[in-house]
Every structure is written in C-alpha cells, then in structure tokens.
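# Understanding the architecture of this molecule
The lines below spell out each chain.
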Amino acid sequence: MATCTRTVWKVLAGCRRQLLTAGVPAYTENTPRNIPVRSYAAFKLLRKDKKEAEEKAMKKEKKVIVDDKNRHKPHGKTAWTPVDDVYIMRFYPRTVHDAADAIDLLKSFQVLDFTPHNQPVYIDLKLDMKLEKKKKVDQFVSMVDLPHPFRTGMNKVLVFTENANQAKVAQENGAAFVGGAELIEPILEDSISADFYIATPEMLPKILSLKNKLRKKFPKSKRGSVGINIPKMLQLFNTGHQYLVENDCYVRTQIATLDFPKEHIIANLKTVLMDVCSYRPADLGPFIERAIIASHTSESLWFKSEDFSPKPAEKKEEKKEEEDEEEEEEEEK
C-alpha cells in the first residue's frame, strides 16, 4: 500500500511540473529576451487626474449665486428665521449681529455659564486680499495704539542707535535696552531679548546679521519701527498692540477683556478694524469679508463690520456736494 501511494504522488508531481512548463517557450542561454516596457501608462493616469481637477475647478466657477431678496425663504434653507428657541442651525441662514448686540450676548453668555468675567475677547477677520490686475495685498504686521489697553504691564523695547543724545532720550522714555552694534552678539546668544526692536535709519545696514534671528521683529519702516522720532516710536511700542495676517488672509487677535464696558470694547474694535482697512483702497470694495467676535469660553458670533470700515472717497465727495447744495438752498430761502 505504501509503495502505491508513493508512486501516485510521484505521478501527480510530474503532471504538475509538466502543466506549469507546457505554455512557456524553452529559451536557451544565448537567445535574447526582449520584454516590452510601457512607459506611457503612468503618464496617461496623470493626464486623467489633471482633467478631473480642471473639471472640478470649472464646476466651482459655474456655481450660480441665487438672489434670495424676493424669495419667501432662502435657497436651500427651511425659513428665514426659526420659530422655536431650539433649532438645527444648518436649516436657517446664519444670523449676523450688530457689534453692540454681539458684545451684549457675550456678556450674557458669561453670566449664564459662570465663567471668568475678565476673560479675553477675540476677533477673527477674513480679508479680501485681491487688488487690480491680478495683484494681491502682501501679508502685513501692524501696531495699533488702543484707546483702552487691556495689558497692565509695559512691553520691553530695544533701541538701536549710536547717537548719545538719542540713546539718552530712549532711556528717559522707557527703553529696556539701548545700544549700537555691540548688542548684536548678546542678541544672537539669547542673553538679551525684547518684545519689540526699533532702530534709526543709519543703523539698519549694521544690524542686517540679525534678520534671520529676529525675523518678523526685525525693524522695518512699514511697521513704524524705523525712524528718527524715538519718543513717538517708544510711546507706540511700549503700550501698543500688535497683530498680523496669518494663512494668507486671516487676522486673529485679542482686542479687550470681557469685564471692559461695552463702549471701551467697541472703541478698541473700531481702532483695529480701521487700521486693517487702511491697507487696501476703499474704492475696491469691502476689505473685510467676514468678521467674528468671541470670548475665551463662548461661541463665535458673526457681526457687521461695514459700520467701522471706511467709505469710498467718491461717496464722501458726493455727500459733501449734497450738503453744500442744501446749505446754499437754505441761504437762498
């Protein structure tokens, strides 16, 4: 019996070997093997991906903006306003509050949630960076002198100058460090650091080695950190508030604390928004596309920024002309 099973296994193994080698041609060592290579297959796939991306971009461009002004309800929504206090937000258009009403809501949220009364208040702005002829506004860093500062301490400011009189004036006006080229090595070694760095125009070529170290803190005339009027610059940077544009078009910064009076928060908000809008001509339309205000623990509230943004010069001139005409008519009467 054992010999029978051995012979059966040998026959099966031989059949398997014959089946595997039956369809394969017998190559000798001298015959060349030319294997076809398709180098264009991956290229075709890439072209398909490009076509799909172009089609998606075209579909986005072809989206029609529906005018909801004369409709009984907004397009794709259930109604203009919810009937009940509890509702699903995506079924109704987003409510955009006035700035004063939004601040009142933040204060009421703090009372209801038992959160700290002195928590910070933030704004989040989305900017339209487009200019004429496919140009864009460069990302900027700005310093604002808030009418009601929320920081109790003073900023540390370093002044680069080699003039003895200017150095004396800087020390009298509250500069943390004053010096010339001798401050470069301590700054590179991190033995000296400051919140802000200002310089006189003649010192800029001498401190170029600090550009990679200081980066956005490096003195620039656009930011107001280069000039001759040291007392004025120190007054701004000692108590001023700095904000910057992040991720191409977003400004996220603190403007006050929630325990401030509503009028103080509105004054700080107006100062920041007016400074932001100064970086693009008002004739090109609204610079701020979307404005959000929130406290540290509250939900985000959209508010109207049009009240604080500057109006185009043409409209101002038209209003002046209308006022002059009205005055002339009154005088004639």
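Now for a quick tour of the structure. (Residues numbered from 1 in each chain as written. Predicted model: local features only at pLDDT ≥ 70, side-chain atom pairs only at ≥ 80, totals over all residues. Heavy atoms only, no water.)

## Some thoughts on the overall build of the protein chain
Convention followed: By definition, any uninterrupted DSSP run of H or I lasting at least four residues is a helix, any uninterrupted run of E lasting at least two residues is a strand, and each is numbered from the N terminus. Three exposure classes are used, based on accessible area relative to the maximum for each residue type with a 1.4 Å probe and protein chains only: buried under 20%, partly exposed in between, and exposed over 50%. Throughout, a residue-residue contact means that at least one pair of heavy atoms, one from each residue, lies within 4.5 Å. Exposure was quantified through the Shrake-Rupley algorithm and a 1.4 Å probe, taking into account, for residues, occlusion by the shown protein chains and nothing else.
Regarding its fold elements, the protein chain presents nine helices and nine strands. Here the protein chain holds 333 residues, and 30% of them are scored as buried. Sequence separation of at least 24 residues holds for 66% of the intrachain contacts in the protein chain that already meet a minimum separation of 6. In the structure as shown, the protein chain presents an accessible area of about 24300 Å², 53% of it carried by carbon and sulfur atoms.

## Here's the deal with the side chain of arginine 223
Formally: For this count, His and the chain ends are skipped, Lys and Arg are scored as positive, and Asp and Glu as negative. Throughout this description, the term salt bridge denotes a Lys or Arg side-chain nitrogen within 4 Å of a carboxyl oxygen of Asp or Glu.
Within the secondary structure, arginine 223 is located in the loop between α6 (211-214) and α7 (230-239). One buried charged side chain, arginine 223, makes no salt bridge at all; its nearest oppositely charged neighbour is aspartate 138, positioned 11 Å away. Those residues in contact with arginine 223, other than ones at most four positions away along the chain, are Val141, Arg215, Lys216, Lys217, Phe218 and Phe237.

## Description of the pairing of strand β5 (residues 196-199)
Rule in force here: Pairs of strands are assigned from DSSP output, requiring at least two bridges between the strands.
Along β5, one buried face is formed by Phe196 and Ile198 and the opposite face, lined by Tyr197 and Ala199, is buried too. Note that strand β3 (residues 157-160) and β5 share four bridges and pair parallel. Bridging from a neighbouring strand, phenylalanine 160 pairs with alanine 199 of β5.

## Here we look at the sheet that holds strand β4 (residues 177-179)
Our working rule: To obtain each axis, a line is fitted to C-alpha atoms, and for helices this fit is confined to the stretch in contact; angles are then taken between N-to-C directions over 0 to 180 degrees.
Spatially, β4-β3-β5 is the arrangement adopted by the three strands of the open sheet, whose pairing is parallel. Every other strand in the sheet has two partners, leaving β4 and β5 as the edge strands with one partner each. Each neighbouring strand pair of the sheet contributes to a mean axis angle of 15°, computed without reference to strand direction.

## Focus: the nonpolar core
What counts here: Nine residue types can take part in a nonpolar core, namely buried Ala, Val, Leu, Ile, Met, Phe, Trp, Tyr and Cys, and a core is a set of them joined through side-chain atoms within 4.5 Å.
Grouped together as the largest cluster of nonpolar side chains are 37 residues, with contacts concentrated most on Leu125, Leu127, Ile255, Leu269, Ile293 and Phe303. Secondary-structure elements contributing two or more residues to this core are α3 (99-113), β1 (120-127), β6 (241-246), β7 (250-257), α8 (262-277) and β8 (288-295). Here this core takes six residues from α8, the largest share from any one element. Setting aside chain neighbours within four positions, we find isoleucine 255 in contact with Val121, Ile123, Leu146, Phe150, Ile265, Asn268, Leu269, Val272 and Ile293. One finds Ile187, Ala194, Tyr197 and Ile207 within the second-largest nonpolar core, a separate group that totals 14 residues.

## Considering the pairing of strand β2 (residues 141-144)
Residue alternation in β2 divides its side chains into two sets, Val141 and Met143 and Ser142 and Val144, and both sets are buried. Alignment of β2 against β6, held across four bridges, turns out to be antiparallel. Looking across to β6, one finds that serine 142 is bridged to tyrosine 243.

## Brief notes about the side chain of serine 142
Definition in use: In the analysis that follows, any N or O atom pair within 3.5 Å is treated as a polar contact, provided that within protein one partner can donate a hydrogen and the other can accept it, and provided that, for residues neighboring in sequence, both atoms belong to side chains.
Mapped onto the elements, serine 142 comes out in strand β2. A distance of 3.1 Å separates the side chain of serine 142 from the side chain of tyrosine 279, its partner in a polar contact. With near-sequence residues (within four places) excluded, serine 142 lies in contact with His241, Gln242, Tyr243, Asp275 and Tyr279.

## Thoughts on the environment of valine 245
Looking at the element boundaries, valine 245 is found in strand β6. With relative accessibility at 3%, the residue valine 245 sits in the buried group. Distance in space between the C-alpha atoms of valine 245 and serine 142 is 9.0 Å, their sequence separation being 103 residues. With residues near it in sequence (within four places) discarded, valine 245 still touches Leu127, Met129, Gln139, Phe140, Tyr250 and Val251.

## Section: α8
Convention followed: The span one expects for a helix is its residue count, reduced by one, times 1.5 Å.
Taking 1.5 Å of rise per residue, 16 residues should cover 22 Å, and α8 covers 22 Å from first to last C-alpha, within 8% of that figure. Inspection of α8 places Ile265, Asn268, Leu269, Val272, Leu273, Asp275, Val276 and Cys277 among the buried residues, and these make up the whole buried set.

## Here's the deal with the pattern of salt bridges
Inspection of every chain in the model, using the stated rule, returns eight salt bridges. One network of salt bridges, in which partners are shared, links Asp124, Glu246, Arg252 and Arg290.

## Concerning the packing of α3 against α8
Quick note on the threshold: The labels follow the angle: roughly parallel below 35 degrees, roughly antiparallel above 145, roughly perpendicular from 65 to 115, and oblique for the rest. Each crossing is labelled by how the near helix is turned from the far one, with a counterclockwise turn of less than a right angle marking it left-handed and a clockwise turn marking it right-handed. Amino acids outside the nonpolar list (Ala, Val, Leu, Ile, Met, Phe, Trp, Tyr, Cys, Pro) and the charged list (Asp, Glu, Lys, Arg) are all regarded as polar, and Gly is one of them.
Axis separation between α3 and α8 bottoms out at 10 Å; the angle between their running directions is 125°. With respect to α8, the element α3 is oriented oblique. Here α3 runs over α8; the crossing is right-handed. On α8, the residues that touch Ala99, Ala100, Ile103, Asp104 and Lys107 of α3 are Lys262, Ile265, Ile266 and Leu269. Its residues placed into classes, the contact of α3 with α8 shows six nonpolar, no polar and three charged.

## Here we look at α3
This is how the line gets drawn: Our arc is simply the arc of the directions from the helix axis toward the C-beta atoms.
Its 15 residues place the ends of α3 21 Å apart at the C-alpha level, agreeing with the 21 Å of an ideal helix rising 1.5 Å per residue. Taken as a whole, α3 has its buried residues at Ala99, Ala102, Ile103, Leu106, Phe109 and Gln110. Buried positions in α3, seen along its axis, are confined to an arc of 115° and lie on one side of it. For α3, exposure combined with an orientation more than 90 degrees from the buried face picks out Val111 and Leu112. Next to the buried residues of α3 lie β1, α8, β8 and β9 (301-302). One or two residues past the end of α3 sits phenylalanine 114, with phi positive at roughly 55°.

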